[in-house]
Amino acid sequence: MERSADTLEAGRTSAAEAFAILGNETRVRTLLALWESEEPSSFATLRRTVAPDDKGNFSYHLGKLTEHFVEKTDDGYVLRLAGEQVVRAVLAGTIVDNDPLPADELGERCVYCGGRAEMSHDGERISVRCTDCAGVVGREFPDGTYMHYGFPPAGLVGRTREEAVDAAHVLYDSKLSPMMKGVCPECAGRVSLSFDVCDDHHVEESGLCPRCDTRFSVWARYECDHCKYDRNAAMWFAALNHPAVIAFYHDHGFDETIPFRKLTWENAEYVREITQEVIDTDPYRFRVRIPIDDEAVVVHLDERLDVRSVERE
Ligand SMILES: [Zn+2]
Ligand SMILES: [Zn+2]
Ligand SMILES: [Zn+2]
């Protein structure tokens, strides 16, 4: 069954109501109390914890929460999925202070040129940029950027800069993988795929093409129809998940899962030489060639980025 635009519109209306419900301190404290409680809470326990002096209103506030965020079970009150998600989202951002982490040198070299790489965190996003080449994307990013995405500050706790970058790669994979399969990792909604294609792509010595201002000629844009969560990735990422391509990498001595788990300057040859081209535009057909040593694997993909064929040459 396909949901209609009306259903989506109704969803947005109820989202507005849901936000309105959260605009009250007693209710937010109730969510946190339920989060901290290991078992379902009775009305009396909750009221004692959250609003001991409140005589009449607590029941009203709790009633509001049961519309979206809290469920009343036979054993007591528990958080619903949306309630857990709200608390988790808040905790991810506030478990540590959001002070920026200034740029400093990484103990790893740039994947693309072997130059000096530095990492920073602006309180919400982690960035890695190269001080010697143009990185992967120009546009609105600082020179040399090759990693820049949302990474909650909780991810910095107890990790070195290098470990935080590894964790960010793992997180990135874990968001992109379901999107490649059409499922939004944030809301489970349907994901649409579109392409940014540079018609006259040529990479200059800096590493970027002056026309599209990026390193790669085709970008896949994944966007959730429902919550608008989106991710951009070089089109060729989609080829790397095919078992025959994974086997090809394994045959050549690469034993980390890709894309981009533990990609370092030392093993960057495994992605640096990849080329991608548009074979047809209506519908889209793509060809990705991945050479390692004196062998290559050639992958054909369709407009959904499903792999149509894989051949070694
Ligand atoms: Zn570089
Ligand atoms: Zn270009
Ligand atoms: Zn979504």
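All of these numbers come straight from a predicted model, not from anything done at the bench.

1. Some words on the environment of R80
On the secondary structure map, R80 appears in the loop between strand 2 (76-79) and helix 5 (81-94). You can call R80 partly exposed: it has 16 C-beta atoms within 10 Å. Along the chain, R80 and S37 lie 43 residues apart, while their C-alpha atoms are 14 Å from each other. Look past the residues within four positions of R80 in its chain and what remains in contact with it is F69, V70 and E71.

2. Some points on the domain arrangement of the protein
Segmentation of the protein into domains returns domain 1 (5-94), domain 2 (101-234) and domain 3 (237-312). Just the C-alpha atoms count here: the centres of domain 1 and domain 2 sit 35 Å apart.

3. Some details on helix 2 (residues 25-36)
Counted at 1.5 Å a residue, the expected span for helix 2 with its 12 residues is 16 Å, and the 16 Å between its end C-alpha atoms agrees. Considered for burial, the residues of helix 2 that qualify are R27, T30, L31 and L34. Buried residues of helix 2, viewed axially, fall in a sector of 100 degrees; they line one side. Turned more than 90 degrees from where helix 2 packs its buried face, E25 and E36 sit exposed.

4. So, the pairing of strand 1 (residues 70-73)
Bridge analysis of strand 1 against strand 2 gives 4 bridges, and the strand direction is antiparallel. Bridging from a neighbouring strand, K72 pairs with Y77 of strand 2. Following strand 1, the chain reverses through 2 residues before pairing antiparallel with strand 2.

5. Concerning helix 6 (residues 161-180)
End to end, helix 6 covers 28 Å across 20 residues, agreeing with the expected 28 Å (1.5 Å per residue, within 8%). Among the residues of helix 6, those classed as buried are R161, A164, V165, A168, Y172, L176, M179 and M180. Seen from one end, helix 6 has its buried residues packed into an arc of 135 degrees, which puts them on one side. Residues of helix 6 that are exposed and angled more than 90 degrees away from the buried face: E163 and S174. Phi turns positive, to about 85 degrees, at G182, one or two residues after helix 6.

6. Digging into the sheet that holds strand 6 (residues 145-150)
If you trace the 4 strands from one edge of the open sheet to the other, you get 3-4-5-6, paired in antiparallel fashion. A single partner strand is all that each edge strand has here, and the edge strands are strand 3 (101-109) and strand 6. Averaged over neighbouring strand pairs, the angle between their axes works out to 20 degrees when direction is ignored. Here strand 5 (residues 125-130) runs beside strand 6; their pairing, made up of 5 bridges, is antiparallel. Bridge pairing in strand 6 links S127 to H148.

What counts, and at which threshold
Residues numbered from 1 in each chain as written. Chains lettered and ligands numbered in written order. Predicted model: local features only at pLDDT ≥ 70, side-chain atom pairs only at ≥ 80, totals over all residues. Helix = DSSP H or I, 4+ residues; strand = E, 2+ residues; numbered from the N terminus. Buried ≥ 20, exposed ≤ 12 C-beta atoms within 10 Å, placed from the backbone. Contact = placed C-beta atoms within 7 Å. Domains from an automatic or database assignment. Expected span 1.5 Å × (residues − 1). Arc of directions from axis to C-beta. Pairing = 2+ DSSP bridges. Axes fitted to C-alpha atoms, helices over the stretch in contact; angles between N-to-C directions.

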